[in-house]
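Secondary and tertiary structure notes
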Amino acid sequence: MMEVYTKLATPGAPHKVLASMEGSWNTKIKSWMEPNKPPMESTGTCEQKMLLGGRFLQQEFTGDMMGTPLNGIGVTGFDNHTKKYVSTWMDSMGTAILVFEGTASADGKTITQESRYDDPIKGPLKWRSVTRIVDDHTHVFEMYETDKRGNEVKMMEITYTRKR
């Protein structure tokens, strides 16, 4: 039994992908309030570090969203048992803890996750996030919202550029 648990607790290739995003980052944020209108743009910074022996990537974000200061904390891991990425996100714009789950492309450079959220104005929504590792110094995070009629729209895009 302990052999199985030990094997499942050992970081592997997906954890190395997460570790590639460790470091200090500048961010450029685009937020769409309406699908056919130009996005609002802002900037921020992000510190990312691996936790618990290389098992989880923690993100601490500081910036501005829609003219309001924003601080957020996220944690992403890869569950060796379920073979899925799992992320949590919480920030200063609410009291919810969002939970995302999903998989990666064959090369591990694109991680797609989904979450459900009961929006107080729009009602139940499905969110889809896509993280694309462009190169060692750039990754892009995109967030999409699907309403109860099944219409998906892009809500946000964050480009992370490694501080040098």
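Residues numbered from 1 in each chain as written. Predicted model: local features only at pLDDT ≥ 70, side-chain atom pairs only at ≥ 80, totals over all residues. Heavy atoms only, no water.

**Brief notes about the sheet that holds strand S10 (residues 152-162)**
What the 10 strands build is a closed barrel, ordered S1-S2-S3-S4-S5-S6-S7-S8-S9-S10; its pairing is antiparallel. Taking each pair of neighbouring strands and ignoring which way they run, the sheet shows an average axis angle of 25 degrees. Relative to strand S8 (residues 123-135), strand S7 (residues 110-119) is paired through 10 bridges, and the arrangement is antiparallel. Considered in S8, the bridge of Thr 112 is made with Val 130. (Pairing = 2+ DSSP bridges. Helix = DSSP H or I, 4+ residues; strand = E, 2+ residues; numbered from the N terminus. Axes fitted to C-alpha atoms, helices over the stretch in contact; angles between N-to-C directions.)

**Considering the pattern of salt bridges**
Taken as a whole, this structure holds 8 salt bridges when the rule is applied. The shortest N-O distance in the salt bridge between Glu 145 and Lys 122 comes to 3.0 Å. Taken together, the positions of Glu 145 in strand S9 (residues 138-146) and Lys 122 in the loop between S7 and S8 put the pair 23 residues apart, joining distant regions of the chain. The salt bridge involving Lys 154 is made with Glu 157; its shortest N-O contact spans 2.6 Å. Members of the salt-bridge network, linked through shared partners, are Arg 132, Glu 142, Lys 154 and Glu 157. (Salt bridge = Lys/Arg side-chain N within 4 Å of Asp/Glu carboxyl O.)

**Overview of a nonpolar patch on the surface**
On the surface, Met 1, Met 2, Val 4, Tyr 5 and Leu 8 cluster together into a nonpolar patch covering about 580 Å² of accessible area. Locating Tyr 5 in the fold gives a position in helix H1 (residues 2-8). (Patch = residues over 30% accessible without salt bridge, like charges linked within 9 Å, V, L, I, M, F, W, Y side chains within 5 Å. Areas by Shrake-Rupley, 256 points an atom, 1.4 Å probe, with all protein chains shown as cover.)

**Concerning unusual backbone geometry**
Positioned with a positive phi, Leu 52 is a non-glycine residue whose angle comes to about 50 degrees. Among the secondary structure elements, Leu 52 is positioned in the loop between strand S2 (40-51) and strand S3 (56-65). Phi at Lys 83 is positive, roughly 60 degrees, even though this residue is not glycine. By secondary structure assignment, the location of Lys 83 is in the loop between strand S4 (68-79) and strand S5 (84-91). According to the relative accessible area criterion, Lys 83 is exposed, its value standing at 54%. (Buried < 20%, exposed > 50% of the residue type's maximum accessible area, 1.4 Å probe, protein only.)

**Section: the side chain of Gln 48**
Structurally, Gln 48 can be placed in strand S2. Of the residues examined, Gln 48 reaches a relative accessible area of 5% and is grouped as buried. Engagement of the side chain of Gln 48 in a polar contact is seen with the backbone oxygen of Met 21, the distance being 2.7 Å. (Polar contact = N/O pair within 3.5 Å; in protein donor to acceptor, adjacent residues only side chain to side chain.)

**Regarding the environment of Gly 74**
Examined against the element boundaries, Gly 74 turns out to sit in strand S4. Overall, the relative accessible area of 4% leaves Gly 74 in the buried class. When the C-alpha atoms of Gly 74 and Leu 57 are compared, they prove to be 8.1 Å apart, with 17 residues separating the residues in sequence. Excluding residues that lie within four positions of it along the chain, Gly 74 makes contacts with Leu 57, Gln 58, Gln 59, Thr 88 and Trp 89. (Contact = heavy atoms within 4.5 Å.)

**Comments concerning the layout of surface pockets**
Empty space within the second largest pocket amounts to approximately 180 Å³. Around the second largest pocket, the lining comprises 14 residues; the ones closest to its centre are Arg 55, Phe 56, Gly 77, Phe 78 and Asp 79. Mapped by element, the contributors of at least two residues to the lining of the second largest pocket are S4 and S5. Considering only residue class, the lining of the second largest pocket consists of 7 nonpolar, 5 polar and 2 charged. (1 Å grid on protein atoms, 1.4 Å probe; cavity = no way out; pocket = protein on both sides within 12 Å on 5 of 7 lines; lining within 4 Å. Points joined across faces, edges and corners; volume = space filled by probe spheres on them. Nonpolar A, V, L, I, M, F, W, Y, C, P; charged D, E, K, R; others polar.)

**With respect to the confidence of the model for the protein**
Should pLDDT be low for a region, the predicted coordinates there are not to be read in detail. Predicted confidence across the protein gives a mean pLDDT of 94, with 100% of residues reaching 70 or more. Ranking the elements of the protein by mean pLDDT puts H1 last, at 89, and S5 first, at 98. (pLDDT = per-residue confidence, 0-100.)

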